[in-house]
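# Summary of structural features
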Amino acid sequence: MVIDLDRCTACQACVIACQSENNIPINQESTFLEGRAIEWIRIERYWEGTYPNVKARFLPMLCQHCDNAPCESVCPVYATYHNNEGLNVQVYNRCVGTRFCGNNCPYHARLFNYWEPVWPEELKNQLNPDVTVRSRGIMEKCTMCIQRIRRATRGGKEVADQSFNPACVQACPTDAMVFGDLNNSQTQVSKKWEDERGYRVLEVLGTNPSVKYLKQVEVDA
């Protein structure tokens, strides 16, 4: 995935789409205050400069699906592993909730279920039947909407570039996010991957993330 920060307006459409697609419970103010909110993607905000010359910087943060993922090697029950599509996958019914993976993730992208998920009565019939509802005591994180990948690639058929996208990418009103096959040099994501504005978060750690960010263009720089 490539995320162009010059296009991101921090509208949170990606966050809402992810919550809806992946059956993530509604976060109340109290869960944020306790530091226990569950968000597979979040918009981090940073301030730069001093008043009145202040600029806000936004960074959509999700699981980076690292090639050398530090979360995988510490799981004692192999509940998380790297699949042949380059995704860092979580097996919910193997997870025993040690939280070792969450402690080892430098991006804070893994989240622990402290409670059984609850939705308002009127929303229960709107849950996505293709996504497992995670119970109390296990870890969860972004899957790049693996249910959509499975649906599109069912039967081993060829999939055209941009014929499907994760919910966050589909919901982005400014097309700031591009998802696709990095092994195909003709895909949009492969072309954007080579953009000279590109960088990867905490690349110095050697995690080799599969998400690249394109830095914001400074017109007056």
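Everything that follows concerns the structure shown earlier in this document.
### Considering the state of the cysteines
Throughout the structure, instances matching the rule amount to zero disulfides. Note on Cys101: no disulfide assigned, nearest cysteine sulfur contributed by Cys95 at a separation of 6.2 Å. Note on Cys101: relative accessible area 8%, which makes it buried.

### What about helix 4 (residues 146-153)?
Here helix 4 has its buried residues at Ile146, Gln147, Arg148, Ile149 and Ala152. Of the surrounding secondary structure, the elements contacted by the buried residues of helix 4 are helix 1 (13-21) and helix 5 (167-171). After helix 4 finishes, the residue Gly155 shows a positive phi value of roughly 85 degrees.

### A closer look at the sheet that holds strand 8 (residues 177-178)
The four strands lie next to each other as 8-1-10-9, forming an open sheet whose pairing is mixed. One side of each edge strand has no neighbouring strand; the edge strands of this open sheet are strand 8 and strand 9 (198-199). Across two bridges, the pairing between strand 1 (residues 2-4) and strand 8 is antiparallel. Within strand 8, the position partnered with Val2 by the bridge is Val178.

### Some thoughts on the packing of aromatic side chains
Scanning the model with the defined rule gives four aromatic pairs in all. Their ring planes at 50 degrees and their centres at 6.1 Å tell us that Tyr114 and Trp115 sit as a pair that is tilted. Overall, Tyr114 belongs to the partly exposed group, its relative accessible area being 25%. One aromatic cluster is present, built from ring pairs that chain together Phe112, Tyr114 and Trp115.

### What to know about the pairing of strand 3 (residues 53-62)
Pairing geometry for strand 2 (residues 41-50) and strand 3, over 10 bridges, is antiparallel. In the strand pairing of strand 3, Thr50 is matched with Asn53. The loop that links strand 2 with its antiparallel partner strand 3 comprises two residues.

### Quick word on helix 1
Within helix 1 the residues assigned to the buried category are Cys14, Val15, Ala17, Cys18, Gln19 and Glu21. Buried residues belonging to helix 1 abut strand 2, helix 4, helix 5 and strand 8.

### Notes on the side chain of Gln64
In this fold, Gln64 is placed in the loop between strand 3 and strand 4 (80-82). Gln64 sits in the buried class, given a relative accessible area of 1%. Residue contacts for Gln64: discarding those within four places in its chain leaves Tyr107, Pro209, Ser210, Val211 and Tyr213.

### Comments concerning the nonpolar core
Within the largest apolar cluster, 47 residues are counted, with the highest numbers of intra-cluster contacts made by Met1, Met177 and Tyr213. At the level of elements, helix 1, strand 2, strand 3, strand 6 (111-112), helix 4 and helix 5 are the ones that each hand at least two residues to this core. If you look at the next biggest cluster of nonpolar residues, it comprises five residues, including Val2, Val189, Trp193 and Leu214.

### Quick word on the pattern of salt bridges
Note on pairing: side chains with opposite charge can pair once their charged atoms come close. Taken as a whole and assessed by the stated rule, the structure comprises 11 salt bridges. Across the pair Lys124 and Glu121 runs a salt bridge whose closest N-O atoms are separated by 3.3 Å. In this structure Lys124 comes out as partly exposed when scored by relative accessible area, which is 42%. On the basis of relative accessible area, Glu121 is assigned to the exposed category, the value being 58%.

What counts and how
Residues numbered from 1 in each chain as written. Predicted model: local features only at pLDDT ≥ 70, side-chain atom pairs only at ≥ 80, totals over all residues. Heavy atoms only, no water. Disulfide = S-S within 2.5 Å. Buried < 20%, exposed > 50% of the residue type's maximum accessible area, 1.4 Å probe, protein only. Helix = DSSP H or I, 4+ residues; strand = E, 2+ residues; numbered from the N terminus. Contact = heavy atoms within 4.5 Å. Pairing = 2+ DSSP bridges. Phe/Tyr/Trp six-rings, centres within 6.5 Å; stacked < 30°, edge-to-face > 60°. Core = buried A, V, L, I, M, F, W, Y, C linked by side-chain atoms within 4.5 Å. Salt bridge = Lys/Arg side-chain N within 4 Å of Asp/Glu carboxyl O.

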